[in-house]
Amino acid sequence: MSGVWGWFGGGAAAQKRKDSPKNAILGLRSQLDMLQKRERHLQSQIDAEDATARKHVSTNKNLAKAALQRKKGLERSMDQTLGQIGTLEQQINAIESANINRETLAAMEKAAQAMKQIHGKLTPEKVDQTMQILQEQNDISEDIANAMLNMNPNNTIDEGELEDEMERLMQEELDQKMLETGTVPVSDEVQRMPAVANGPLKGKAVAVEEEDEEAELRKLQAEMAIS
């Protein structure tokens, strides 16, 4: 229980320390405001005594002299007041600058703690290791995808079929161009030539066979005559 109250007490003390510069600045500004009011009041009195001395400088020298003496006293008080105002303004500026520096440092410390918490145990070596693992897993995924793709029989491609398909497409394209231009493809001209030109010379082959038969017959006749 004492720990809980100690915690609350510590929090209150910390808050009081935090508010101390603000309270000091407020107190200094309040005193500065009072001194500035006093400055205005003294200035009005000095102006009044100066006016009195000017008014009676020719008619009543004793009265004019007394006014000047009071003016001198007021001017001394004015100098003291102006000195106090300058001192307070310097103190306010100094405290404000120090408080800004402290708040800036506190913000930087919080930022440093946040960065430290974000990074944690993160190191360049760990990042490199993680990236290497990711690359390895990506390679494995790609290998698996390729293996599954190769297992599909529909993906087997026959090069002969591709060549036939290419020739068919090229012929269709050529025929289409010939139809558009009105000319006959060379392949069609060849097909329209006589069959003798396209095929083997059958008549010549028959004549050669007949000559061979006659030569064989004469050979037999010669052998029979000798016998």
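Preceding block: the structure.
One numbering rule holds for all chains: residues counted from 1, following each sequence as written. The model is predicted, so local features are restricted to residues of pLDDT at least 70 and side-chain atom pairs to those at 80 or more, both for listing and for counting; the totals for chains, interfaces and linings are taken over all residues. Water and hydrogen atoms play no part in the side-chain values, which are based on all heavy atoms of the structure.

A.B. asks: When you look at the pattern of salt bridges in this model, what are you seeing that I'm missing?
C.D. replies: When their charged atoms lie close together, side chains carrying opposite charge are able to pair. Note on definitions: salt bridges are taken to be side-chain nitrogens of Lys or Arg within 4 Å of carboxyl oxygens of Asp or Glu. Taken as a whole and assessed by the stated rule, the structure comprises nine salt bridges. Salt-bridge contacts for Asp50 lead to Arg54; the nearest nitrogen and oxygen are separated by 2.8 Å. Of the two residues, Asp50 and Arg54 are both situated in helix H1 (residues 2–56); the distance of four residues between them amounts to about one turn of the helix. Partly exposed residues are those whose accessible area sits between 20% and 50% of the maximum for their type, while under 20% is buried and over 50% is exposed, using a 1.4 Å probe and protein chains only. Given the relative accessible area of 18%, Asp50 is considered buried. One network of salt bridges, with partners in common, ties together Asp50, Arg54 and Lys71. Secondary structure elements are defined from DSSP: runs of H or I of at least 4 residues count as helices, runs of E of at least 2 residues count as strands, and each element is numbered from the N terminus.

A.B. asks: Looking at this model, I keep getting lost on the nonpolar core. Mind explaining?
C.D. replies: Residues enter a nonpolar core if they are buried and are Ala, Val, Leu, Ile, Met, Phe, Trp, Tyr or Cys, with the set joined through side-chain atoms within 4.5 Å. Counting seven residues, the largest nonpolar core consists of Ile25, Leu28, Leu32, Leu35, Ile85, Leu88 and Ile92. Counting residues per element, the ones that place at least two in this core are H1 and helix H2 (61–119). When residues of this core are assigned to their parent elements, the largest contribution, four residues, is made by H1. Contact criterion: two residues are considered in contact whenever any of their non-hydrogen atoms come within 4.5 Å of each other. Setting aside residues up to four positions removed in sequence, Leu88 forms contacts with Leu28, Gln31, Leu32 and Leu35.

A.B. asks: Sorry if this is basic, but what is going on with a nonpolar patch on the surface here?
C.D. replies: A contiguous nonpolar patch, built from Leu122, Val127, Met131 and Leu134 and spanning about 360 Å² of accessible area, is present on the exposed surface. Along the chain, the position of Leu122 falls in the loop between H2 and helix H3 (124–151). Judged by its relative accessible area of 49%, Leu122 falls in the partly exposed class. What makes a patch is a set of residues exposed beyond 30% relative accessible area and free of salt bridges, joined within 9 Å when like-charged and within 5 Å when nonpolar (Val, Leu, Ile, Met, Phe, Trp, Tyr). Working definition of accessibility: Shrake-Rupley area with a 1.4 Å probe, residue cover restricted to the visible protein chains.

A.B. asks: What should I look at first to understand H2 in this one?
C.D. replies: Since one α-helical turn is 3.6 residues long, residues separated by three or four positions face the same way. Its 59 residues give H2 an end-to-end C-alpha distance of 86 Å, which sits within 8% of 87 Å, the value for a rise of 1.5 Å per residue. Residues of H2 that are buried: Ala64, Ala67, Lys71, Leu74, Met78, Thr81, Ile85, Leu88, Ile92 and Asn99. Gly120 lies just past H2 and shows a positive phi near 55 degrees. The span you would expect from a helix comes to 1.5 Å times its residue count less one.

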